[in-house]
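A structural walkthrough
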Amino acid sequence: MVSFDLKGKRVLVAGVADDAGFGFAIAKAFAEAGASVSVATWPPALNIFKGLLQRGKIDAARELSDGRLLEFERIYPLDAVFDSLADAPSEITESRRYKECGDFSIAGLAESLVKDFGDKPLDIVVHSLANGPEVKKPLMETSRRGYLDAISASSYSMISFVRHLAPLMREGGAFLSLSYLAGERVIPGYGGGMSSAKAALESDTQVLAFEAGRRFGVRVNCVSAGPLASRAASAIGFIDRMVAYCAKNSPIPGAISATQVAHAALFLCSPLASGITGSIVHVDHGYHAMGMSVSDNELFPENSES
């Protein structure tokens, strides 16, 4: 019998700030499989997230199949646009939301993990991070600063993750990131350089798989997920239309769920996928395979719903 038994494994999921997105669903799936799970949260959202946990506001979402609640070993502050604390300007380090967080950089996260769990504390790292401050602007109207900010937060951060965290991984370690079809196809309205950031993330997945595989023996994969109406995705401005369109035009009609993406992540990071690295796996009900809309029933009457 094949099973996902990850008892004794430690997972870090970066980019969890509520119970609505892919990151939370992935953390929950790993906990169901027996792994110990820590998360990293953007400092401005950290106290809000901790408050939700402490007040039991997301207990229903935290419930596992055996009745236990999903528990996090640690909740770390992380702003992944900073490789080290020295990179953060004083207006950030002295601001109210960052001031009490300690070292919230990627290097600081690595140091905290070693301090808390020893020299080789990790088995799996999930990068569920993306931010484009000008995502509502067309690419041609995106500023240089906005474009570079999107690349920094959404794709370069994965490079920095592998550089800082791969040395902390035990044998058989695995990295996973989350992408979107806009890195391969035009999604009008998904702007601000975010499409470029996703394209970079997917290309970097292949290069990192080679470099980190040879140097550290770890695997690096990416899930290209269908659109999900999470709180974070609401920043795009038309996420509900994206979900509805993909649901109608996918080979398997219907919206993708966070749980489906989480199960794919669980597989790719498990020993069952030990021969898979450098791969971009689409979890979108097959929407990525389509070359034409099927929603126009005048053109395709055989696809009409009776």
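See above for the structure.
Structure report, in brief.

**Some thoughts on the environment of valine 218**
With respect to the element layout, valine 218 can be found in the loop between helix H7 (194-216) and strand S6 (219-225). The sequence separation of valine 218 and valine 162 amounts to 56 residues, and the corresponding C-alpha distance is 9.5 Å. With near-sequence residues (within four places) excluded, valine 218 lies in contact with Ala166, Met169, Gly173, Phe175, Ala209, Ala212 and Gly213.

**A look at the packing of helix H1 (residues 22-32) against helix H9 (residues 258-269)**
How two helices sit against one another is set out by the angle between their axes and by the gap between those axes. Across the interface, H1 lies against H9 with an axial gap of 8 Å and an inter-helix angle of 55 degrees. Accordingly, the angle class assigned to the pair H1 and H9 is oblique. Where H1 crosses over H9, the handedness of that crossing is right-handed. Here H1 contributes Phe22, Ala25, Ile26, Ala29 and Phe30 to the contact with H9, which in turn contributes Ala258, Thr259, Val261, Ala262, Ala265, Leu266 and Cys269. For the contact of H1 with H9, the residue count by class is eleven nonpolar, one polar and no charged.

**Remarks on the sheet that holds strand S5 (residues 169-179)**
With parallel pairing, the seven strands of this open sheet are ordered in space as S3-S2-S1-S4-S5-S6-S7. Because the sheet does not close on itself, it has two edges, and the strands there are strand S3 (75-77) and strand S7 (280-283). Taken over all neighbouring pairs, the strand axes of this sheet differ in orientation by 20 degrees on average, direction set aside. When strand S4 (residues 122-127) meets S5, the two strands line up parallel, connected through five bridges. When the sheet's bridge partners are listed, histidine 127 is paired in S5 with serine 177. Each of strand S2 (36-41) and S3 touches helix H2 (residues 43-54); the most contacted strand, S3, lies at about 160 degrees to it. Set on the sheet, H9 makes contact with S4, S5, S6 and S7; between it and S6 the angle comes to about 165 degrees.

**Looking at unusual backbone geometry**
A positive phi angle is found at histidine 285, which is not glycine, with a value near 60 degrees. Take histidine 285: its relative accessible area is 17%, and that puts it in the buried class.

**A word on the environment of alanine 262**
The residue alanine 262 is located in helix H9 in this model. Sequence separation between alanine 262 and glutamate 171 is 91 residues; the distance between their C-alpha atoms is 23 Å. Filtering out sequence-adjacent residues up to four positions away, alanine 262 remains in contact with Ala25, Ile26 and Ala29.

**Focus: the pattern of salt bridges**
Per the stated rule, a full pass over the model turns up ten salt bridges. For aspartate 66, the salt bridge goes to arginine 68, with nearest N and O atoms at 2.6 Å. The salt bridge involving arginine 145 is made with aspartate 149; its shortest N-O contact spans 3.0 Å. Taken as a pair, arginine 145 and aspartate 149 lie in helix H6 (residues 144-165) at a separation of four residues, close to a single helical turn.

**What to know about the state of the cysteines**
Tallying each qualifying case throughout the model produces zero disulfides. Not part of a disulfide, cysteine 269 finds its nearest cysteine sulfur in cysteine 222, a span of 11 Å.

**Considerations on the side chain of histidine 285**
Tracing the chain through its elements places histidine 285 in the segment after S7. At 3.2 Å, the side chain of histidine 285 and the backbone oxygen of isoleucine 252 are in polar contact. A distance of 2.9 Å separates a polar side-chain atom of histidine 285 from the backbone oxygen of glycine 254. If sequence neighbours within four positions are ignored, histidine 285 has contacts with Ser250, Pro251, Ile252, Pro253, Gly254, Ala255, Ile256 and Gln260.

**Some thoughts on a nonpolar patch on the surface**
Judged by side-chain polarity, Phe4, Phe267 and Leu272 come together as a nonpolar surface patch covering roughly 240 Å² of accessible area. Looking at where phenylalanine 4 falls in the secondary structure, it is placed in the segment before strand S1 (10-14).

**Notes on H6**
Given a rise of 1.5 Å per residue, 22 residues ought to cover 32 Å, and the 29 Å separating the end C-alpha atoms of H6 matches this to within 8%. The sharpest bend along H6 comes to roughly 45 degrees, located at tyrosine 156. For H6, the complete set of buried residues consists of Gly146, Ala150, Ala153, Ser154, Ser155, Ser157, Met158, Ser160, Phe161, Val162 and Leu165. Buried residues belonging to H6 abut S1, helix H5 (106-117), S4, S5, H7 and S6.

**Thoughts on the nonpolar core**
Counting residues in hydrophobic clusters, the biggest one holds 40 residues, and the most contacted among them are Val13, Ile26, Phe30, Val37, Phe72, Val223 and Val261. When contributions to this core are tallied by element, the ones reaching two or more residues are S1, H1, S2, H2, S4, S5, S6 and H9. Valine 37 has contacts with Val11, Val13, Ala27, Phe30, Ala31, Glu71, Phe72, Glu73 and Arg74, leaving out every residue within four places of it along the chain. Within the second largest apolar cluster, 27 residues are counted, among which are Ala80, Leu165, Ala166 and Phe175.

What counts, and where the lines are drawn
Residues numbered from 1 in each chain as written. Predicted model: local features only at pLDDT ≥ 70, side-chain atom pairs only at ≥ 80, totals over all residues. Heavy atoms only, no water. Helix = DSSP H or I, 4+ residues; strand = E, 2+ residues; numbered from the N terminus. Contact = heavy atoms within 4.5 Å. Axes fitted to C-alpha atoms, helices over the stretch in contact; angles between N-to-C directions. Parallel < 35°, antiparallel > 145°, perpendicular 65-115°, else oblique. Left-handed = near helix turned anticlockwise from the far one by under 90°. Nonpolar A, V, L, I, M, F, W, Y, C, P; charged D, E, K, R; others polar. Pairing = 2+ DSSP bridges. Buried < 20%, exposed > 50% of the residue type's maximum accessible area, 1.4 Å probe, protein only. Salt bridge = Lys/Arg side-chain N within 4 Å of Asp/Glu carboxyl O. Disulfide = S-S within 2.5 Å. Polar contact = N/O pair within 3.5 Å; in protein donor to acceptor, adjacent residues only side chain to side chain. Patch = residues over 30% accessible without salt bridge, like charges linked within 9 Å, V, L, I, M, F, W, Y side chains within 5 Å. Areas by Shrake-Rupley, 256 points an atom, 1.4 Å probe, with all protein chains shown as cover. Expected span 1.5 Å × (residues − 1). Bend = angle between axes of the 7 residues up to and from the residue. Core = buried A, V, L, I, M, F, W, Y, C linked by side-chain atoms within 4.5 Å.

These results come straight from atomic positions and should not be treated as a statement about function.
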